[in-house]
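The residues making up each chain are set out below.
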Amino acid sequence: QVQLVESGGGLVQPGGSLRLSCAASGRTFSTYGMGWFRQAPGKEREFVATISWSGGITEYADSVKARFTISRDNAKNTVYLQMNSLKPEDTAVYYCAADKGGRTSTWYPDYDDWGQGTQVTVSS
């Protein structure tokens, strides 16, 4: 099992930026596809972004495209989510997840391990 620990969440004003990090345990992180999902109160968990094991393939939800950027540093066992031009509707708990099959999936059941989540609140 991969241990995932998210950090970087917080309170930010609309239009602001945050950078989330997700640190993974283990020596095989570089073979995993990684994803970010979010869940707002009363809503289902939704896909945000995913990145392939090499970092060469990324995919985004339409709602965050051109505002969010997913990246990874395999030497540091860490995946990032840079969030710019934040909107109140981005408010949610953000989770990172690992797909040991190395895929770039938008479907949360494809992911094997999950972090505990980090709260992002966008409000003035």
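Up top is the structure these notes are about.
As the structure is a prediction and not an experimental result, all values here were calculated from the model.

Caption draft 1: Structural context of unusual backbone geometry. Phi is positive for Asn77, which is not a glycine, with a value near 50 degrees. Relative to the helices and strands, Asn77 is located in the loop between β7 (68-73) and β8 (78-83). The buried category is assigned to Asn77, whose relative accessible area is 16%. Unlike most non-glycine residues, Ser85 shows phi in positive territory, near 50 degrees. Topologically, Ser85 is positioned in the loop between β8 and β9 (92-99). By relative accessible area, Ser85 is classed as partly exposed at 42%.

Caption draft 2: The arrangement of the pattern of salt bridges in detail. Inspection of the entire model under this criterion finds 7 salt bridges. Residue Arg67 is joined to Asp90 by a salt bridge in which the shortest nitrogen-to-oxygen separation is 2.8 Å. Taken together, the positions of Arg67 in the loop between β6 (58-60) and β7 and Asp90 in the loop between β8 and β9 put the pair 23 residues apart, joining distant regions of the chain. Neither Arg67 nor Asp90 differs from the other in exposure class; each is buried. Within this structure, Arg38, Glu46, Arg67 and Asp90 form a network of salt bridges that share partners.

Caption draft 3: Structural context of the packing of aromatic side chains. Taken as a whole and assessed by the stated rule, the structure comprises 4 aromatic pairs. Between Phe37 and Phe47, the aromatic rings sit 5.8 Å apart at their centres with planes inclined by 70 degrees, giving edge-to-face as the arrangement. Within this pair, whereas Phe37 is found in strand β4 (residues 33-39), its partner Phe47 is found in strand β5 (residues 46-51), the two being separated by 10 residues in sequence. Comparing Phe37 with Phe47 shows no difference in burial state: the two are buried. Ring-pair connections join several aromatic residues into one group, and the members of that group are Phe37, Phe47, Tyr111 and Trp114. The cationic tip of Arg45 hangs over the ring face of Tyr95; the distance from NZ or CZ to the ring centre is 4.0 Å. Against the face of Trp114 rests Arg45, its NZ or CZ located 4.7 Å from the ring centre.

Caption draft 4: Broad picture of the state of the cysteines. Taken as a whole and assessed by the stated rule, the structure comprises 1 disulfide. Paired through a disulfide, Cys22 and Cys96 show a sulfur-sulfur distance of 1.9 Å. Linking Cys22 and Cys96, the disulfide has an S-S dihedral of approximately 45 degrees and is accordingly described as right-handed. Of the two residues, Cys22 is situated in strand β3 (residues 18-24) and Cys96 in strand β9; the sequence distance between them amounts to 74 residues.

Criteria and thresholds
- Residues numbered from 1 in each chain as written.
- Predicted model: local features only at pLDDT ≥ 70, side-chain atom pairs only at ≥ 80, totals over all residues.
- Heavy atoms only, no water.
- Helix = DSSP H or I, 4+ residues; strand = E, 2+ residues; numbered from the N terminus.
- Buried < 20%, exposed > 50% of the residue type's maximum accessible area, 1.4 Å probe, protein only.
- Salt bridge = Lys/Arg side-chain N within 4 Å of Asp/Glu carboxyl O.
- Phe/Tyr/Trp six-rings, centres within 6.5 Å; stacked < 30°, edge-to-face > 60°.
- Lys NZ or Arg CZ within 6 Å of the ring centre and 35° of its normal.
- Disulfide = S-S within 2.5 Å.

So yeah, pure geometry; function would need other evidence.
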